[in-house]
Amino acid sequence: HQAVEEVLSTIEEEYNKHPEFEKANLIERLCIPDRVYQFRVTWMDDKGQIQTNMGYRVQHNNVIGPYKGGIRFHSSVNLSILKFLAFEQTFKNSLTTLPMGGGKGGSDFSPRGKSDAEIMRFCQAFMLELNRHIGPDTDVPAGDIGVGGREVGYMFGMYKKLTHEFSGVFTGKGLEFGGSLIRPEATGFGAVYFLQHMLHNHQADLDIKGKTVAVSGFGNVSWGACVKATELGAKVVAISGPDGVIYNPNGMTKEKLDYMLELRATCNDVVAPFAEKFPDATFIPGKTCAFQNEMSKEDAEELIANGTWCCVEVSNMGCQPGAIEAFQKARILFAPGKAVNAGGVATSGLEMTQNAMHLSWTAKEVDEKLHGIMDAIHASCVKYGTQEDGYINYVKGANIAGFMKVAEAMLAQGII
Ligand code: 2IT
């Protein structure tokens, strides 16, 4: 599998320095998730018809903390995708410096075009089964594509009802019931903080201010990245959706950023209306956005030919291997999703901490901690990824740093 292949090829050299890893058969043990739950979800739509979907939770590895990772609702969800995402999550979570294992879940349920009542009934039906497999010290899900604050609220509510327990079993909760400030912004903000570290590390006076940025996607993560990049003085000239790309030559305004949230909340899964609302922007139908393997080698080569000199992957495995190779061959600043988007789950970790302490931190406190974590992740990538010629292979750096902690913990805990 691509995700496994990428990790194995980049950690090989470091791995071979540790014969004890091979002796403990760590690679095989890490390629197979601890366990996988697969279940039927039955619910009733607004017309009174009975619908069924598949539900999944992959508990990949809990060697450094409870299983932790998002829930995705999208028609494309299947076990193979969730397994690779859970695998990635284990190493990403390890990188965050916080004690979280890796997991991922979801359903092939598509929120597109569904009413609020249908979303609620589906979330409740999904939790009717999932509740028995999760818990605040066992497995702590969160949102992902198709699962935002509303869905987390419905799932959390059902979990509480079923278990008769108010606990921090979910992250990404509403602020009124244990959610953390900055969690909605955290993935996008963290990505921009990481980008800033890359720029400063590359050249002390290099900054995002005044730069032109093209963002793929238009949902929660893209919104956070657009907000922070704009705040720091960059011009965001593009966003995109499953229906095509918005070219936005004049950059973002507060109204445009707020409208991104509105657009996402409609559940229609289109960006085209952005260009109707803001006439200075243009809609170009076609090219779709922000999923795994979105960017091909040819796309990367086109970006390079057009003068792109830095690319940060914010989605999970958004680039095909050929695209990463093209960026690295051209010596372009490139960092993988595992490092760049880790601010999201890191802030989930901060939400877990607050829940465990029964208190909440201010936005400033959470944001400062997020800054510190992104700084630490960047430093780990530099430590393990710097090549002899000075070029930083962030893919290698992130994979080795993430792997080492998991590997040491597995060795320490014996053959289980
Ligand atoms: O891909 C990811 O890291 C997430 N969807 C967030 C997971 C989390 O537990 O916050």
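Residues numbered from 1 in each chain as written. Predicted model: local features only at pLDDT ≥ 70, side-chain atom pairs only at ≥ 80, totals over all residues. Heavy atoms only, no water.

(A) Main features of the site of the ligand. In the region of the ligand, 13 residues are neighbours, and Lys-68, Lys-92, Asp-144, Arg-183 and Ser-348 sit closest. Between an oxygen atom of the ligand and a side-chain N or O atom of Gln-89, the distance comes to 3.1 Å. Contacts to the ligand include Asp-144, whose side-chain N or O atom sits 2.8 Å from a nitrogen atom. For the ligand, whose free accessible area comes to 290 Å², the fraction covered by protein is 94%. Secondary structure elements with two or more residues in the shell around the ligand: β3 (67-73), α4 (79-95) and α14 (342-357). In terms of residue count, β3 provides more of the shell around the ligand than any other element does, three residues in total. Looking at the shell around the ligand, its residues break down into two nonpolar, six polar and five charged. (Near = heavy atom within 4 Å. Polar contact = N/O pair within 3.5 Å; in protein donor to acceptor, adjacent residues only side chain to side chain. Areas by Shrake-Rupley, 256 points an atom, 1.4 Å probe, with all protein chains shown as cover. Helix = DSSP H or I, 4+ residues; strand = E, 2+ residues; numbered from the N terminus. Nonpolar A, V, L, I, M, F, W, Y, C, P; charged D, E, K, R; others polar.)

(B) Spatial organisation of the nonpolar core. In this structure, Phe-194, Ile-239, Met-260, Phe-274 and Ile-377 are the most contacted members of the largest nonpolar core, which totals 59 residues. Per-element accounting of this core gives the leading share, nine residues, to helix α7 (residues 183-202). Other than its neighbours up to four places away in sequence, Phe-274 contacts Ile-239, Ile-246, Asn-248, Met-252, Lys-256, Tyr-259, Met-260, Leu-263 and Ala-281. Membership of the second largest hydrophobic core comes to 30 residues, among which are Phe-21, Val-58, Ile-81 and Ala-407. (Core = buried A, V, L, I, M, F, W, Y, C linked by side-chain atoms within 4.5 Å. Buried < 20%, exposed > 50% of the residue type's maximum accessible area, 1.4 Å probe, protein only. Contact = heavy atoms within 4.5 Å.)

(C) Broad picture of the pairing of β3. Of all seven residues in β3, seven are buried, a share of seventy percent or more. Bridge count between β3 and strand β5 (residues 139-142): four bridges; the pairing is parallel. By the bridge assignment, Tyr-67 is partnered in β5 with Asp-139. Here β3 runs beside strand β4 (residues 102-107); their pairing, made up of three bridges, is parallel. If you follow Ile-71 over to β4, its bridge partner there is Gly-105. With respect to chirality, the unit in which β3 leads through α4 into the neighbouring parallel β4 is right-handed. (Pairing = 2+ DSSP bridges. Right-handed = clockwise from strand over helix to strand, strands pointing away.)

(D) View of the packing of helix α1 (residues 2-16) against helix α16 (residues 394-412). Running from N to C, α1 and α16 cross one another at 70 degrees; their axes reach a closest spacing of 9 Å. The angle between α1 and α16 falls in the class roughly perpendicular. Across the interface between the two elements, Glu-6, Val-7, Thr-10, Ile-11, Glu-13, Glu-14 and Tyr-15 of α1 pack against Val-395, Lys-396, Asn-399, Ile-400, Phe-403 and Met-404 of α16. (Axes fitted to C-alpha atoms, helices over the stretch in contact; angles between N-to-C directions. Parallel < 35°, antiparallel > 145°, perpendicular 65-115°, else oblique.)

(E) How the structure looks around the packing of helix α8 (residues 220-231) against helix α9 (residues 254-265). Packing of α8 against α9 brings their axes to within 10 Å, and their N-to-C directions diverge by 175 degrees. If you check the angle between α8 and α9, you find them roughly antiparallel. Seen from α8, the contacting residues are Ser-222, Trp-223, Cys-226, Val-227 and Thr-230; seen from α9, they are Leu-257, Met-260 and Leu-261. Residues that form the contact of α8 with α9 fall into these classes: six nonpolar, two polar and no charged.

(F) Layout of the sheet that holds β5. Overall, mixed pairing links the five strands, which are arranged β1-β2-β4-β3-β5 in an open sheet. Of all strands in the sheet, those bounded by a partner on one side alone are β1 (35-44) and β5. The mean inter-strand angle of the sheet, taken between neighbouring strand axes irrespective of direction, is 20 degrees. Across ten bridges, β1 lies against strand β2 (residues 50-61) in antiparallel orientation. Across the sheet, residue Val-41 finds its bridge partner in β2, namely Asn-53. Together, β1, β2, β3, β4 and β5 form the strand contacts of helix α5 (residues 116-130), whose direction differs from that of β1 by roughly 140 degrees.

(G) Fine view of the sheet that holds strand β7 (residues 235-241). In spatial order, the strands read β6-β7-β8-β9; together these four strands make up an open sheet with mixed pairing. The open sheet terminates on both sides in strands that have one partner only, identified here as β6 (212-214) and β9 (282-285). Here the strands of the sheet are splayed against their neighbours by 15 degrees on average, with no regard to which way each runs. Across four bridges, the pairing between strand β8 (residues 244-247) and β9 is antiparallel. When the bridges of β9 are listed, Val-245 appears paired with Ile-284.

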